[in-house]
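# Structure assessment
So you can see what is in the structure, the chains are spelled out below.
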There are 2 protein chains.
Amino acid sequence: MAQKDPVLALDNQICFALYALNRAVTARYRPLLAELELTYPQYLVMLVLWEQGAGAESARVSDVGARLRLDSGTLTPLLKRLEERGLLLRQRQADDERVVRLLPTEAGWQLQEKARQVPARLMCGLGVEPQRLMALQQELRSLLAVLEGSAPSD
Amino acid sequence: MAQKDPVLALDNQICFALYALNRAVTARYRPLLAELELTYPQYLVMLVLWEQGAGAESARVSDVGARLRLDSGTLTPLLKRLEERGLLLRQRQADDERVVRLLPTEAGWQLQEKARQVPARLMCGLGVEPQRLMALQQELRSLLAVLEGSAPSD
DNA sequence: CAAAATTAAATTGGGCACAATGTAAATCAC
DNA sequence: GTGATTTACATTGTGCCCAATTTAATTTTG
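For clarity, every value in this text was computed on a predicted model and none was experimentally measured.

What follows is about the overall build of chain A. If you tally the helices and strands in chain A, you get seven helices and three strands. Ordered by position from the N terminus, the helices and strands of chain A form the series α-α-β-α-α-β-β-α-α-α. Here the C-alpha atoms of chain A give a radius of gyration of 19 Å, more than 25% beyond the 15 Å that 2.2 N^0.38 yields for 154 residues. By principal-axis analysis of the C-alpha atoms, chain A measures approximately 65 × 40 × 25 Å. In chain A, which comprises 154 residues, the share counted as buried stands at 47%. For chain A, long-range pairs separated by at least 24 residues make up 51% of all intrachain contacts whose partners lie at least 6 apart in sequence. For chain A, the computed accessible surface area is about 7600 Å², with 54% contributed by carbon and sulfur atoms.

Have a look at this one:
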């Protein structure tokens, strides 16, 4: 007893494969995002803001949080750093002071131009057939939907 | 220009699917590991130590780091917390004082007993066919091997 | 309308990740 | 065998994550 147990073997933990690959992929993004002076979570936030489009209704903190599954404890300081860098403005909504609207600045939009090449450069660097990645992405998204659609412990 | 761009759409980023699913799965572990009073990275470290077996040569900090792809900046404080909790001993190797050996204590081995049920309980809670998870894990591991076998930007 | 409940962010605190640097011990090179 | 490298951890500092709490504004209820 109290010895090796295949059930507890690291290589049998689905979680570890996910954890390790996530960090390995993030590490591949790092040098590319360093050119934009963005961290990986900051890049994701900018993607959400860019996605809203310039003309559309600006995103709220909670919109970004819902999209990225992050709460204000993570987002508030991150957004303040992006604001200090001049990439966006955080402003309280006049008719509902609880809400903070996030508006990319001109510099924020200019950064989008530089960011456009990131996905392709990443894919190249990975050295994996795009089809294979697309298939994986579909599966990951599908599983995420399953997890988000069921209670944390049915 | 400077508007929506399918290349930058969040839903097209393989990275985001990986990032979001990893956090969702970790969140599923959290209540189970809370019963053991372990965080998720602490759980992974204990898995490595348990895997070594009680009779075998004890693991070094760098062994755990190599297995989990974590450096001493992450591991040292984490291991100190596990030591404070009485789950392991950190002791310098006599014939090479640079090396720190990690030895699970009796409490550390007892915790393995409680941990044995974690994987099955997690799988149940996910509500996904085990075969599907096994297939995903194979793919994740295969991709991790590819990334670790190639330069960070070929 | 006033009290209670809800909502949106912010704050606080603990614990990862990771880059960069520091420190001491062991090994190598001449 | 001594100086230069290398190795193994530790430390420092920045930036996530997340739980729990707080604050302030809005909405709901009686």
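Now that the structure has been shown, the text picks up again.
The next subject is helix α2 (residues 40-52) of chain A. Three or four residues apart is the spacing at which side chains of an α-helix point the same way, because the helix has 3.6 residues per turn. Residues and elements named next belong to chain A. With 13 residues, α2 should reach 18 Å at 1.5 Å per residue; the first-to-last C-alpha distance of 19 Å fits that figure. Of all 13 residues that make up α2, 10 are buried, and the element is covered over most of its length. For α2, every residue scored as buried is listed here: Y40, Q42, Y43, L44, V45, M46, L47, V48, L49 and W50. Looking one or two places after α2, you find G53, whose phi comes out positive at around 85°.

To continue, consider the protein's contact with DNA strand C. Around DNA strand C sit 29 residues in total, of which Y19, S72, T76, K80 and R90 of chain A are the nearest. Here a base oxygen of DNA strand C and a side-chain polar atom of R98 of chain A are 3.2 Å apart. Only α1 (14-34), α3 (61-68), α4 (72-84), β2 (88-93) and β3 (96-104) of chain A together with α2 (40-52), α4 (72-84) and β3 (96-104) of chain B provide two or more residues apiece to the surface near DNA strand C. Here the residues of the surface near DNA strand C are counted per class, giving seven nonpolar, eight polar and 14 charged.

Each partner contributes residues to the interface: chain A has 70 residues there, and chain B has 68 residues. Note on chain A versus chain B: buried area summed over both sides is about 6900 Å², and carbon and sulfur give 62% of it. On the chain A side of the interface with chain B, the three residues burying the most area are L8, I14 and L147 of chain A, jointly 10% of the side's total. Across the contact surface, chain A and chain B share seven salt bridges. With a closest N to O distance of 3.5 Å, R67 of chain B and D11 of chain A form a salt bridge. For the pair chain A and chain B, the interface holds 21 residue pairs in polar contact (both at pLDDT 80 or more). Taken together, the elements giving at least two residues each to the side of chain A that touches chain B come down to α1, α2, α3, α5 (106-115), α6 (118-126) and α7 (130-149) of chain A. Broken down by element, the residue count for the side of chain A that touches chain B peaks at 14 residues, all from α1 of chain A.

A word on the environment of L47 of chain B. When you line up the elements, L47 of chain B lands in helix α2. Separated by 17 residues in sequence, L47 of chain B and V64 of chain B have C-alpha atoms that sit 9.8 Å apart. In this structure, L47 of chain B is in contact with L8, L10 and Q13 of chain A, ignoring residues within four places of it in sequence.

All names here are of chain B. Spatial strand order, β1-β3-β2: three strands in an open sheet with antiparallel pairing. Two strands close off the open sheet at either side, each with one partner strand: β1 (59-60) and β2 (88-93). In this sheet, β3 lies alongside β2 in antiparallel orientation, the contact comprising six bridges. From the neighbouring strand, Q93 faces β3, where its bridge partner is D96.

Turning our eyes to something else, we now look at the packing of α2 of chain A against α5 of chain A. Residue and element names in this part refer to chain A. Contact geometry of α2 with α5 gives a least axis separation of 11 Å together with a crossing angle of 105°. Here α2 lies roughly perpendicular to α5, going by the angle between them. Across the interface between the two elements, M46, L49 and W50 from α2 touch G108, W109, L111, Q112 and A115 from α5. Here the contact of α2 with α5 is composed, by residue class, of six nonpolar, two polar and no charged.

Now for the domain arrangement of chain A. Residue and element names in this part refer to chain A. Segmenting chain A into domains produces domain 1 (37-115) and domain 2 (117-147). The centre of domain 1, based on its C-alpha atoms, is set 24 Å off from the matching centre of domain 2. Contacts between domain 1 and domain 2 engage four residues on the former and four residues on the latter. Summed over both sides, the interface of domain 1 with domain 2 buries roughly 300 Å², with 49% coming from carbon and sulfur. Looking at the side of domain 1 facing domain 2, the largest losses of area belong to Y43, K114 and A115, adding up to 80% of the total buried there. Taken together, domain 1 and domain 2 are joined by two residue pairs in polar contact (both at pLDDT 80 or more). A per-class count over the side of domain 1 that touches domain 2 returns two nonpolar, no polar and two charged.

Here is what the cut-offs are and how they apply
Every chain is numbered independently, its residues counted from 1 as its sequence is written. Ligands are numbered from 1 and chains lettered from A, in the order in which they are written. Selection of residues for local features in this predicted model requires a pLDDT of at least 70, selection of side-chain atom pairs for listing and counting requires 80 or more, and totals for whole chains, interfaces and linings are taken over all residues. Only hydrogens and water are set aside; all other atoms, that is, all heavy atoms of the structure, feed into the side-chain values. Secondary structure follows DSSP: runs of H or I at least 4 residues long count as helices, runs of E at least 2 residues long count as strands, and numbering of each begins at the N terminus. For this measure, only C-alpha atoms enter the radius of gyration; the expected value for a globule follows 2.2 Å times N^0.38, where N is the number of residues. Residue exposure (1.4 Å probe, protein chains only): buried if accessible area is under 20% of the type maximum, exposed if over 50%, otherwise partly exposed. Throughout, a residue-residue contact means that at least one pair of heavy atoms, one from each residue, lies within 4.5 Å. Only the protein chains shown count as covering a residue, and every accessible area follows the Shrake-Rupley method with a 1.4 Å probe. Expected span of a helix: the number of residues minus one, times 1.5 Å. Only a single heavy atom is needed: when it lies within 4 Å of a molecule or strand, its residue is near that molecule or strand. Distance and chemistry together define a polar contact, namely a pair of N or O atoms within 3.5 Å, with one atom able to donate a hydrogen and the other to accept it when in protein, and with adjacent residues in sequence counting only for side-chain atoms on both sides. Gly is put with the polar residues, along with every residue not named as nonpolar or charged; the nonpolar set is Ala, Val, Leu, Ile, Met, Phe, Trp, Tyr, Cys and Pro, and the charged set is Asp, Glu, Lys and Arg. Defined here as a combined quantity, buried area equals the accessible surface (1.4 Å probe) lost by two parts on assembly, summed across both. Should a side-chain nitrogen of Lys or Arg be within 4 Å of a carboxyl oxygen of Asp or Glu, the pair is scored as a salt bridge. Strands were regarded as paired on the criterion that DSSP finds at least two bridges between them. Here the axes come from fitting lines to C-alpha atoms, over the contacting stretch only for helices, and the angles between their N-to-C directions go from 0 to 180 degrees. The cut-offs work like this: below 35 degrees is roughly parallel, past 145 is roughly antiparallel, 65 to 115 is roughly perpendicular, and the gaps in between are oblique. A domain assignment, automatic or from a database, supplies the domain bounds used here.

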